[in-house]
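Chain and residue survey
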Amino acid sequence: MIYTRIIGTGSYLPAQVVTNEDLSKRIDTSDEWIFSRTGIKQRHVAAEDELTSDLALKASTRALEAAGLTASDIDLIVVATTTPDMIFPSTACILQAKLGASNGAAFDVQAVCSGFVYAMATADALMRTGTYRRALVVGAEIYSRILNWEDRTTCVLFGDGAGAVILERSDRPGILSTHLHADGSHRDILSVPGSIRNGQVCGSPFLTMDGNTVFKLAVKVLGEVVDEALAQHGIERSQLDWLIPHQANIRIIQATARRLGMSMDKVVVTVDQHANTSAASIPLALDLAMRDGRIQPGHLVLMQGVGGGFTWGAVLVRI
Ligand code: ACO
């Protein structure tokens, strides 16, 4: 059997930090409101001249260093992003050029906050055909540019950042299984509905969200996908070493941990420091926990994403 293994991770956060207190000076909000409802204390915001591909480049360079590889060793680049540099070419192709790589394929995946899980599943499936040997899988986002900073119901929730993983073909797992789902009937509860037509932006170019509906649906589908992933392998909940959930809201994360009967000590949490970085949140959290030594070789890790579309999914992986 052909499998894929994670052999390196990296991440990058822009230098500028915006705290809840900073926001409360600009809009009618407070640290108490934001923290008690979401667990968020601060977020990183990209500089004017930083592009999503720049964030991706820094995270990718660190992942390559961790894997002991150079860009020329990579033959597949998959970037998950909802905030690409431009309509086309893909951020993956721009990243490939910035890395100085030219081998193989490069493309973007658009599944909003589930993007990284979708990208990992896509790269894993392509590599298991035997066509590709080493993949760079990235989640990178600059949500600060699609937020209406006057809308306190959404702008306090998100941040910018990037995380990257190097996957290598192997004869032992690695990724044990991936689980992807979507239900487009919920497409309106979380969206940036605008489009470009005839040189004009038509509709709103800002993120809109029905927060309560998103909250309830996220808790439901995240619970279901955990059960689905574990049932496929006959794995008991107690056998999981780490849960790396999408970092949208601490209350959604706690609800999933409760359903798993998992102590929060086994859940990697970054939402307090990073806020919701959409497709970047899972690889950012993974890199943090790999580098600080919490996640060790042999550990069983479940990553799970949920987001606009509505999309959701999970990746079960042996490190
Ligand atoms: N500061 C102060 N007050 C606020 C703010 C704010 N930033 N935002 C909203 N309020 C007010 C509202 O106007 C409302 O006031 P009103 O009662 O006078 O009308 C009051 O607070 C309560 O608003 P609710 O929307 O009911 O607040 P709730 O407790 O449901 O929390 C939240 C809202 C945090 C968005 C919650 O619904 C949530 O976390 N949803 C999940 C959405 C999420 O995480 N999305 C991220 C993207 S999706 C994803 O990644 C899966």
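Residues numbered from 1 in each chain as written. Predicted model: local features only at pLDDT ≥ 70, side-chain atom pairs only at ≥ 80, totals over all residues. Heavy atoms only, no water.

**Side note on the site of the ligand**
Here is the rule we go by: A molecule or strand has a residue near it when one of that residue's heavy atoms lies within 4 Å. A 3.5 Å cut-off defines polar contacts: any pair of N or O atoms within that distance qualifies, except that in protein one atom must be a possible hydrogen donor and the other a possible acceptor, and neighbouring residues in sequence count only when both atoms are side-chain atoms. To measure how exposed things are, a 1.4 Å probe is used in the Shrake-Rupley method; for residues, cover is taken only from the protein chains shown. Per the convention used, a helix needs a DSSP run of H or I reaching at least four residues, while a strand needs a run of E reaching at least two, with both numbered from the N terminus. For this scheme, ten residues count as nonpolar: Ala, Val, Leu, Ile, Met, Phe, Trp, Tyr, Cys and Pro. Four count as charged, namely Asp, Glu, Lys and Arg, and the remainder, Gly too, count as polar.
Around the ligand, 21 residues are found, and the nearest of them are T29, R152, N212, H246 and N249. Here an oxygen atom of the ligand and a side-chain polar atom of R37 are 2.9 Å apart. With respect to the ligand, the side chain of H246 contributes an N or O atom lying 2.8 Å from an oxygen atom. Burial of the ligand by the protein amounts to 73% of the accessible area it has alone, namely 1000 Å². Residue contributions to the shell around the ligand peak at four residues, all from helix α7 (residues 211-233). When its residues are assigned to classes, the shell around the ligand shows ten nonpolar, eight polar and three charged.

**Quick word on the pattern of salt bridges**
The condition is simple: Definition used for salt bridges: Asp or Glu carboxyl oxygen within 4 Å of a side-chain nitrogen of Lys or Arg. We call a residue buried when its accessible area falls under 20% of the maximum for its residue type, exposed when it is over 50%, and partly exposed in between, using a 1.4 Å probe and counting protein chains only.
Using the criterion set out here, one finds ten salt bridges in the structure. In this structure, D28 and R152 form a salt bridge, with 3.4 Å as the shortest nitrogen-oxygen distance. Linking D28 in the loop between α1 (20-26) and α2 (31-38) with R152 in helix α6 (residues 152-155), this pair joins segments that are 124 residues apart in sequence. Note on D28: relative accessible area 60%, which makes it exposed. Several salt bridges converge on common partners, so that one network encompasses D227, R237 and R259.

**Remarks on the sheet that holds strand β14 (residues 300-307)**
Whenever strands of a sheet pair, they do so through backbone hydrogen bonds, lying parallel or antiparallel. Quick note on the threshold: When DSSP locates at least two bridges between a pair of strands, those strands are taken to pair. Note on definitions: angles span 0 to 180 degrees between N-to-C directions of axes, and those axes are lines fitted to C-alpha atoms, for helices only across the stretch in contact.
Taken together, the four strands give an open sheet; going across it, the order is β8-β15-β14-β13, and neighbouring strands pair in mixed fashion. What marks the edges here is a single partner per strand, and that holds for β8 (175-182) and β13 (242-245). Each strand axis lies, on average, 10° off the axis of its neighbour in the sheet, ignoring direction. Looking at chain direction, β13 and β14 are connected through four bridges and run parallel. Along β14, the bridge assignment pairs I244 with M303.

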